[in-house]
Amino acid sequence: MSAVALRCDADADRMLAHLRERFAEVFPVTGSAGDGAGGDAGGNPDEGADGSADAAVRFAPVADRGSFAFASAPGRLEVAGNHVDHQGGRVISSAIGERTWGLAAENGGRLVRVAMEGFGTDVIDLDDADWRAPHGVETQSSAALLRGMLAAYDEAGGTLRGFDLATCSEVPAGCGLSSSAAFEVMVGAVLEGLFGPGPFAGVSAPATGQDAAEGEGDCFVPLNPVALALAGVTAEQRYFGKPCGAQDQLASACGGTVLLDFASAVPQVTPLAFDATGVGYAVVLIDSRQDHSVHTEEFASVPADMRMVANHLGVARLGDTTADVLLANLQDVRAALGDGRAMRALHYFDEVARVDRQREALEAGDFPLFLKCVRLSGASSAQFLQNVSPRDTGSGERQPAMLIQGLCAHLLSEEGAWRIHGGGFGGSVLALVPRAEVADFMETMDKLLGYRACREVVVGGPGVLARRLS
């Protein structure tokens, strides 16, 4: 078992113990210790006196419950390919060590009751006529993601009954590590663990790393990571309201490091070896403390602009045409759509070509070339894609992610590499730092920014995992 899988195994034991305690507190059984006033027959929780959804939450007791399902899914690191997945391009992505965890059990009714540590509670009544439909009041919330995954499972032929779910997460929200994708994929795995085999069921034996989730007497739940991921994309697009591609969900579900090709309707997943530590580098994420999740409209403008150029060229996505066609029609595109959209389209074609070079560099062991491509990618995102800093205020006075990239250039020069990470508009900056210099780099960066901004990331962890507990 790899060191990353061993870490996942140890974390699973710790998180399972935590969630068992949390579950017993939040979802009591009639006659259990602590059963008394609190919660109502409709399944709504009591909340703390301060209104916090995490303070002394307790749902109405149930008479009995079924066996437990325990699931988790990792956040993801975008290694190569910025804003190309939604246009049929190619990316390289890795699962990280931090994960989102869930413990669930049937409650004998028709209510889905969820307590999300740090994110409040939600109740969905499966007997409501419109429970499958998106609810506008839930847009950009965990409740929307939950409803979307339940609807995807149901619409694909899965059987749903009422259940209780307690969750917690190590994946920080709002800094580009795909906490929402991890949540979606984890919820899908919980559904298979409780009600499967269903539409997210997969192979009959654990995939690489999935044995890390096994405990004595427990039952491994076979999962289809691509089916889980695509359901998560639907939940995020239709219910959460973010026009994302499928990179985040696939990276979380599949685990390891993978090349993802979105040219076809079903994305192609190819495992890759990415071992920065083995060649003397550390992977560091630097938090800009500018929450990218509040800039969804600016994020949405990127795929929208690219689609406009593609449509102008007579295709649905930029991946359905070529850079030569764009350049042959450049004057027309500029006149009709403007230079900003033309630059974003040019970024797409150059970025996909860089991903191919980075894959070849990794396969050939040419890490200097890989680093060079990372730097070029960062420059293209900043100059042409223009997704590093949000522009909604129009002032330009606060551009922390761009400042961080400037500091990386100053501190690392050509010895390392850096680029905006994920969707951008704040979030995090990815830096590849020589191992011998990483401690000084992180200390200096934290000091310059005035807060603990840097985190070294464990790359290549297991993907989605689930088991039924004995």
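Just so it is clear, the model here is predicted, and its values are computed rather than measured. (Residues numbered from 1 in each chain as written. Predicted model: local features only at pLDDT ≥ 70, side-chain atom pairs only at ≥ 80, totals over all residues. Heavy atoms only, no water.)

Colleague: Can you walk me through the overall build of the protein in this structure?
Modeller: A tally of helices and strands in the protein yields twelve helices and 13 strands. In the protein, 75% of the contacts between residues at least 6 apart in sequence involve partners at least 24 apart. In the form shown here, the protein has an accessible surface area of approximately 18400 Å², with 51% of it arising from carbon and sulfur atoms. (Helix = DSSP H or I, 4+ residues; strand = E, 2+ residues; numbered from the N terminus. Contact = heavy atoms within 4.5 Å. Areas by Shrake-Rupley, 256 points an atom, 1.4 Å probe, with all protein chains shown as cover.)

Colleague: It is not clear to me how the pattern of salt bridges should be interpreted in this structure. Could you clarify?
Modeller: Counted by the stated rule, this structure contains 20 salt bridges. A salt bridge links Arg90 to Asp356; the nearest nitrogen and oxygen atoms lie 2.8 Å apart. A residue pair is termed long-range when its members are at least 10 positions apart, and Arg90 in strand β2 (residues 90-106) and Asp356 in helix α9 (residues 339-364) qualify at 266 residues. (Salt bridge = Lys/Arg side-chain N within 4 Å of Asp/Glu carboxyl O.)

Colleague: Help me out: how do you make sense of the packing of helix α6 (residues 296-312) against α9 in this one?
Modeller: A pair of packed helices can be characterised by two numbers: the angle between their axes and the separation between those axes. For the pair α6 and α9, the least separation of the axes is 9 Å and the interaxial angle reads 90°. Taken together, the axes of α6 and α9 lie roughly perpendicular to each other. Listed contacts from α9 to Ser301, Val302, Asp305, Met306, Met308 and Val309 of α6 are Arg341, Ala342, Arg344, Ala345, His347 and Tyr348. (Axes fitted to C-alpha atoms, helices over the stretch in contact; angles between N-to-C directions. Parallel < 35°, antiparallel > 145°, perpendicular 65-115°, else oblique.)

Colleague: How should I be thinking about the environment of Ser169 in this particular structure?
Modeller: Counting through the fold element by element, Ser169 comes out in strand β5 (residues 163-169). Each residue touching Ser169, except ones within four places of it in the same chain, is listed here: Arg99 and Thr100. A distance of 2.8 Å separates the side chain of Ser169 from the side chain of Thr100, its partner in a polar contact. Among the polar contacts listed, one links the side chain of Ser169 to the backbone nitrogen of Val171, at a separation of 3.0 Å. (Polar contact = N/O pair within 3.5 Å; in protein donor to acceptor, adjacent residues only side chain to side chain.)

Colleague: How do you make sense of the packing of aromatic side chains when you look at a structure like this?
Modeller: One pair of aromatic rings is described through two measures. These are the centre distance and the angle between the planes. Overall, the coordinates contain ten aromatic pairs when judged by the stated rule. Summarising the aromatic geometry, the rings of Phe23 and Phe27 are spaced 4.9 Å apart at their centres and angled 50° between planes, so their arrangement reads as tilted. Within the aromatic cluster, the residues linked to one another by ring pairs are Phe23, Phe27, Phe59 and Phe68. The lysine or arginine in question, Arg99, covers the ring of Trp101, its NZ or CZ lying 5.8 Å from the ring centre. Stacked on the ring of Phe299, the Lys or Arg Lys242 has its end atom at 4.5 Å from the ring centre. (Phe/Tyr/Trp six-rings, centres within 6.5 Å; stacked < 30°, edge-to-face > 60°. Lys NZ or Arg CZ within 6 Å of the ring centre and 35° of its normal.)

Colleague: I'm lost on the nonpolar core in this one. Help?
Modeller: Generally speaking, nonpolar side chains in soluble globular proteins are found buried as a group. Ranked by internal contacts, the top residues of the largest apolar core, which has 70 residues, are Leu150, Leu160, Phe163, Val190, Val309, Leu318 and Val464. Top element by residues in this core is helix α3 (residues 179-195). It accounts for nine residues. In this structure Leu150 touches Val112, Ile124, Trp131, Leu160, Phe163 and Leu191, once residues within four positions along its chain are discounted. Core analysis: the next-biggest nonpolar cluster, separate from the first, contains 26 residues, Ala80, Ile96, Val283 and Leu285 among them. (Core = buried A, V, L, I, M, F, W, Y, C linked by side-chain atoms within 4.5 Å. Buried < 20%, exposed > 50% of the residue type's maximum accessible area, 1.4 Å probe, protein only.)

Colleague: Would you explain the sheet that holds strand β9 (residues 281-287) in this entry?
Modeller: Sheets are built from strands paired through backbone hydrogen bonds, the pairs being either parallel or antiparallel. Spatially, the four strands line up as an open sheet ordered β10-β11-β9-β12, and their pairing is antiparallel. Looking at the sheet topology across the chains shown, the edges are occupied by β10 (417-421) and β12 (454-456). This sheet shows a mean twist of 25° between the axes of neighbouring strands, independent of strand direction. Relative to strand β11 (residues 428-434), β9 is paired through seven bridges, and the arrangement is antiparallel. (Pairing = 2+ DSSP bridges.)

Colleague: Looking at this model, I keep getting lost on the side chain of Thr100. Mind explaining?
Modeller: Turning to its location among the elements, Thr100 is positioned in strand β2. Apart from the residues lying within four places of it in its own chain, the contact partners of Thr100 are Ala71, Ser72, Ala73, Cys168, Ser169, Val171, Ser179, Ala182, Phe183 and Met186.

Colleague: Sorry if this is basic, but what is going on with the confidence of the model for the protein here?
Modeller: Per-residue confidence for the protein gives a mean pLDDT of 89; residues scoring 70 or more make up 87%. Contacts for the low-pLDDT stretch residues 46-53, under 50 throughout, to residues beyond four places or in other chains number 13 contacts. Below pLDDT 50 for its whole length, residues 209-214 participates in 16 contacts with residues either more than four positions away or in separate chains. (pLDDT = per-residue confidence, 0-100.)

Colleague: What's the story with the pairing of β9 in this structure? I'm lost.
Modeller: Each regular strand shows side chains that alternate between the opposite faces of the sheet. Within β9, six of the seven residues are buried, leaving the element largely enclosed by the surrounding structure. Note that β9 and β12 share three bridges and pair antiparallel. When the sheet's bridge partners are listed, Val284 is paired in β12 with Glu456.

Colleague: Where do I start with α9 in this structure?
Modeller: Side chains three or four residues apart in an α-helix point the same way, a direct result of the helix having 3.6 residues per turn. Across its 26 residues, α9 extends 37 Å between first and last C-alpha, which sits within 8% of the 38 Å expected from 1.5 Å per residue. A positive phi of about 75° marks Gly365, the residue just after α9. (Expected span 1.5 Å × (residues − 1).)

Colleague: What am I meant to see in the packing of helix α11 (residues 400-412) against helix α12 (residues 438-449) here?
Modeller: Contact geometry for α11 and α12: axes closest at 11 Å, N-to-C directions at 140°. The angle between α11 and α12 falls in the class oblique. For the pair α11 and α12, the sense of crossing is right-handed. Of the residues in α12, those touching α11 at Ile404, Leu407, Cys408, Leu411 and Leu412 are Phe441, Thr444, Met445, Leu448 and Leu449. Class assignment of the residues belonging to the contact of α11 with α12 gives a composition of nine nonpolar, one polar and no charged. (Left-handed = near helix turned anticlockwise from the far one by under 90°. Nonpolar A, V, L, I, M, F, W, Y, C, P; charged D, E, K, R; others polar.)

Colleague: Honestly, the side chain of Asn82 in this entry has me stumped. Any pointers?
Modeller: Tracing the backbone shows Asn82 in the loop between β1 (68-80) and β2. The class of Asn82 is buried, set by a relative accessible area of 0%. Here Asn387 takes part through its side chain, which lies 3.1 Å from a polar atom of the side chain of Asn82. Those residues in contact with Asn82 that sit more than four places away from it in its chain are His347, Glu351, Ser381, Leu385, Asn387, Arg419, Ile420 and Gly422.

Colleague: Would you explain the pairing of β1 in this entry?
Modeller: Within β1, twelve of the 13 residues are buried, leaving the element largely enclosed by the surrounding structure. Both β1 and β2 contribute to a ladder of eleven bridges, which runs antiparallel. Bridged to Glu78 within β2 is Ser93.

Colleague: Hey, could you run me through a negative patch on the surface in this one?
Modeller: Residues Glu414, Glu415, Glu437, Asp440 and Glu443 make up a contiguous surface patch of negative charge. Position of Glu437 relative to the elements: it lies in the loop between β11 and α12. (Patch = residues over 30% accessible without salt bridge, like charges linked within 9 Å, V, L, I, M, F, W, Y side chains within 5 Å. Lys, Arg positive; Asp, Glu negative; His and termini not counted. Charge placed at Lys NZ, Arg CZ, Asp CG, Glu CD.)

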